[in-house]
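A closer look at the structure
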Amino acid sequence: MTKILTGRCGSLRAFLRLNFPLEGHAERLQGGIRRRLVQVAALPAAFPALLLTNAFAAETKVDFPSEYAQGKHYASIVRGDTREELYTTIAAASRGEPLPEGTVITMEDYRNNQLYRYVVMEKRKGWGQAHPAELRTGDWEFKWFNPDRSVRPGENLDRCRACHTSQAGNDYVFSYDRMKEAD
Ligand code: HEC
């Protein structure tokens, strides 16, 4: 009895699958299966990416520095419609040495006097190891936050690193001299 029921149930399901769904649904179903096949096929290709999870782990490390404004406001940079206000938690540039571990530099970026974004650099021991030598900015990590302080998703942080590597002589900080003067 159970067997018959199962059988009927099974065939009923097959019947429904074949005849009941509208075209769109059927397509979506097929699409789903195709997608799944593609995912399976892509698995071996994903292995190198899995090995790089360290890099992603480091990139998630910079949290929004909610206390940044209590740090030192060391520079204002105005260029056309853009105004940038720079803050650092630990001011130690005056010695002309690399900034200490734990330093967080926050830049408020305004366009036409409206807050457009925050960009943040944070330095923690060992963080640089997650990146290949040509993209390593010491132990600094970078992050772009929206005005509501949420992380801007999908931002390519390698671009931050690539540009800031030019400042290797200033511990990767463009405004190092400004910080030094203010310290
Ligand atoms: C094309 C080059 C370039 C890129 C890309 C770039 N920056 Fe910068 N960044 C600068 C310059 C130049 C300054 C100095 C301020 C100025 O002159 O506007 C700066 C300043 C900063 C500062 C203040 C400390 C300092 O170095 O003076 C922070 C923090 C910062 N950038 C974070 C970021 C983050 C996060 C990203 C990526 C989302 C990023 N930057 C991408 C060029 C760049």
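Residues numbered from 1 in each chain as written. Predicted model: local features only at pLDDT ≥ 70, side-chain atom pairs only at ≥ 80, totals over all residues.

Per an unreviewed UniProt entry, the protein goes by Cytochrome P460 domain-containing protein and derives from Pantoea coffeiphila.

**Regarding the nonpolar core**
The criterion, for reference: Here, a nonpolar core denotes buried Ala, Val, Leu, Ile, Met, Phe, Trp, Tyr and Cys residues that are linked to one another through C-beta atoms within 7 Å. Buried means a residue has 20 or more other C-beta atoms within 10 Å of its own C-beta, exposed means 12 or fewer, and partly exposed covers the counts in between; C-beta atoms are placed from the backbone. The numbering of helices and of strands both runs from the N terminus, where a helix is a DSSP run of H or I of at least 4 residues and a strand a run of E of at least 2. This entry defines residue contacts through backbone-placed C-beta atoms, with two residues in contact when those atoms are within 7 Å.
One finds Ile105, Val120, Met121, Trp140, Phe142 and Val173 to be the most contacted residues of the largest nonpolar core, which totals 15 residues. Put simply, the parts of the chain that give this core at least two residues each are strand S2 (82-88), strand S3 (104-111), strand S4 (114-123) and strand S5 (140-145). The contacts of Ile105, once residues within four sequence positions are left out, are Leu86, Thr88, Val120, Met121 and Val173.

**Here's the deal with the site of the ligand**
So the rule is basically this: Only the C-beta atom, placed from the backbone, is used; a residue is near a molecule or strand if that atom lies within 6 Å of it. Think of it as three bins: nonpolar holds Ala, Val, Leu, Ile, Met, Phe, Trp, Tyr, Cys and Pro, charged holds Asp, Glu, Lys and Arg, and polar takes everything else, Gly as well.
Every one of the 20 residues lining the ligand counts as a neighbour, but Val119, Cys160, Cys163, Phe174 and Ser175 are closest to it. When contributions to the shell around the ligand are tallied by element, the ones reaching two or more residues are S2, S3, S4, S5 and helix H4 (157-164). A per-element tally of the shell around the ligand places H4 first, with five residues. When grouped by side-chain class, the residues that make up the shell around the ligand number 14 nonpolar, two polar and four charged.

**A look at the environment of Gly96**
Checked against the element boundaries, Gly96 lands in the loop between S2 and S3. For the pair Gly96 and Tyr176, spaced 80 residues apart in the sequence, the C-alpha separation amounts to 8.9 Å.

**A short note on the pairing of S3**
Strand residues, when the strand is regular, have side chains that alternate between the two faces of the sheet. This is how it is decided: Think of it this way: DSSP has to see at least two bridges between two strands before they count as a pair.
Sheet analysis places S2 next to S3, joined by seven bridges and oriented antiparallel. Bridge pairing links Leu86 to Met107 in S3. Pairing of S3 with S4 involves eight bridges; the strand directions are antiparallel. Among the inter-strand pairings, Arg111 is bridged to a residue of S4, identified as Gln114. Between the end of S3 and the start of S4, which pair antiparallel, lie two residues, with Asn112 showing a positive phi angle near 50 degrees.

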